[in-house]
Each structure stands twice: as structure tokens, then as C-alpha cells.
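Results of the structural survey
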Amino acid sequence: MAIFSVYVVNKAGGLIYQLDNYAPRAEAEKTFSYPLDLLLKLHDERVLVAFGQRDGIRVGHAVLSINGVDVNGKYTADGKEVLEYLGNAANYPVSIRFGRPRLTSNEKLMLASMFHSLFAIGSQLSPELGSSGIEMLETDTFKLHCFQTLTGIKFVVLADPRQGGIDSLLRKIYEIYSDFALKNPFYSLEMPIRCELFDQNLKLALEVAEKAGTFGPGS
């Protein structure tokens, strides 16, 4: 069981904090000879597999590293342009690691804003007044849990569907936010949270929740 990520969204729908806690490994690495028997294309500033599936490599997977050097967008960490590098026969044999594309900072901001809107729609669709909005969304691979405070701050946790104790964890995160962000004299409301003590205590709470699945009665 695992807790994948945590998002904190302000009352205007802006993402003010995000932590990736655990990412399931769905990656494949293989050594290729020239010419490359996969079709790669640039899409949204990422190099993706457009055609050809083999050995765990799927269409839509992104190039994550080349010869052990991480790839950021369309460039390697040492500045080489990925498609140009892989198009040169002199660079082969080459080891390429593929996997699901990682969300960019802009994509995370956009998704937080979209969830804020969905939360509001959920409240408006309710046949009863005073609906809490969306508290949980479930898929076959994860559950999204949301807790909104009286002031409109949303704490969102993405976790393994089998992970227990999430309701208590959400309230624990709210407690950590109150203790280490709101009481920080340098923190401004509704602004991004940049506080080392908040980070440390949040990571500790996630570790405890993953191991125990609970924070006591009512979880």
C-alpha cells in the first residue's frame, strides 16, 4: 500500500503545495542498435513513443533517460537534444529507459484548478443544500481523497485503493498546516507553502500512515 501524492489547493483554486511521495515503477529499459525500431515524436515538449510496442515499452511512454542520463523534456540533463542524438548512428548501441510521462509543474497547476472546479460543480449538483462537495474519487489504480476546511483550503491525497486511514491523515495534514504554515510569521495566506518544518512533518505523517494505516480512533 502507498500514498502517491499530496496537493494543497487554496480557496481560489490555486495550487499552493504539492508533494510526490511515491511513484509506482512502470518503466522499461533496453539497449538498442541502429536504426531504432521505435517511432519517437515530440509532443508537449516530451519525446514519446508514437509507434511500436515491445518488452514493456508502450505507445505514449516517454524517454526518461539515455545511457543513464536523465531526460528533461526534449533534452538530456547534459544538454543533448534527444531526437537528434538518437538519429545519429555513431551514438549506438544506446540504452534508453522509457516510462509514463511525468507531470510538469504547469500541468499540476492546471489539474489543481480543474479539480477545484469539479469540486464546486459537485456541490451545485447536490439535491440537498450544504453539500460537502467531492470527498473521494475512485479508479482501479488509485483513490483521490479530499478534505475542505471551513476557510476553503482543500487537502487532496492520492493513494493506493487499499490504503486505510486516509480520513485521519487528511485531518493530520490540516493540523500540520495550521501548526507549521499558518503560525509561521513569514507565511502569507493563500500563497505557496515553503516551510521546511511543514515538509518534514508532512513526510513523517505520510510514513506513519503508510505503515500503520491509521492515526487513532475514527480512522
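As annotated in an unreviewed UniProt entry, the protein is Trafficking protein particle complex subunit from Phascolarctos cinereus. Quoted verbatim from the Function (unreviewed entry) field of the UniProt record, the comment on the protein reads "Core component of the TRAPP complexes which has a function of guanine nucleotide exchange factor activity for Rab1 GTPase. Plays a role in vesicular transport from endoplasmic reticulum to Golgi and autophagy. May play a role in dendrite postsynaptic membrane trafficking." Quoted straight from UniProt, the Sequence similarities (unreviewed entry) entry for the protein says "Belongs to the TRAPP small subunits family. TRAPPC4 subfamily."

Right, let's talk about the packing of aromatic side chains for a bit. Evaluated as defined, the whole model comprises seven aromatic pairs. A ring pair is formed by Tyr17 and Phe198, whose centres lie 4.8 Å apart and whose planes are at 85°; its orientation type is edge-to-face. With a gap of 181 residues between them, Tyr17 in strand β2 (residues 15-20) and Phe198 in helix α4 (residues 196-212) connect regions that are remote in the sequence. Across the pair, exposure class does not vary: Tyr17 and Phe198 are buried alike. Centre to centre, the rings of Phe155 and Tyr177 are 5.4 Å apart; their planes meet at 70°, and the pair counts as edge-to-face. Separated by 22 residues along the polypeptide, Phe155 in strand β12 (residues 154-159) and Tyr177 in helix α3 (residues 166-182) bring together distant segments of the chain. Put simply, the rings of Phe147, Phe155, Tyr174 and Tyr177 pair up and form one aromatic cluster.

Let us now look at the pairing of strand β4 (residues 39-43). As defined by bridge partners, β4 adjoins strand β5 (residues 46-51) across five bridges and the pair is classed as antiparallel. Across the sheet, Leu42 pairs through a bridge with Val47, a residue of β5. Connecting the antiparallel pair β4 and β5 is a turn made up of two residues, with Asp44 showing a positive phi of about 50°.

Reading the values: the criteria
- Residues numbered from 1 in each chain as written.
- Predicted model: local features only at pLDDT ≥ 70, side-chain atom pairs only at ≥ 80, totals over all residues.
- Heavy atoms only, no water.
- UniProt positions renumbered as here; feature names shortened; annotations may be inferred.
- Phe/Tyr/Trp six-rings, centres within 6.5 Å; stacked < 30°, edge-to-face > 60°.
- Helix = DSSP H or I, 4+ residues; strand = E, 2+ residues; numbered from the N terminus.
- Buried < 20%, exposed > 50% of the residue type's maximum accessible area, 1.4 Å probe, protein only.
- Pairing = 2+ DSSP bridges.

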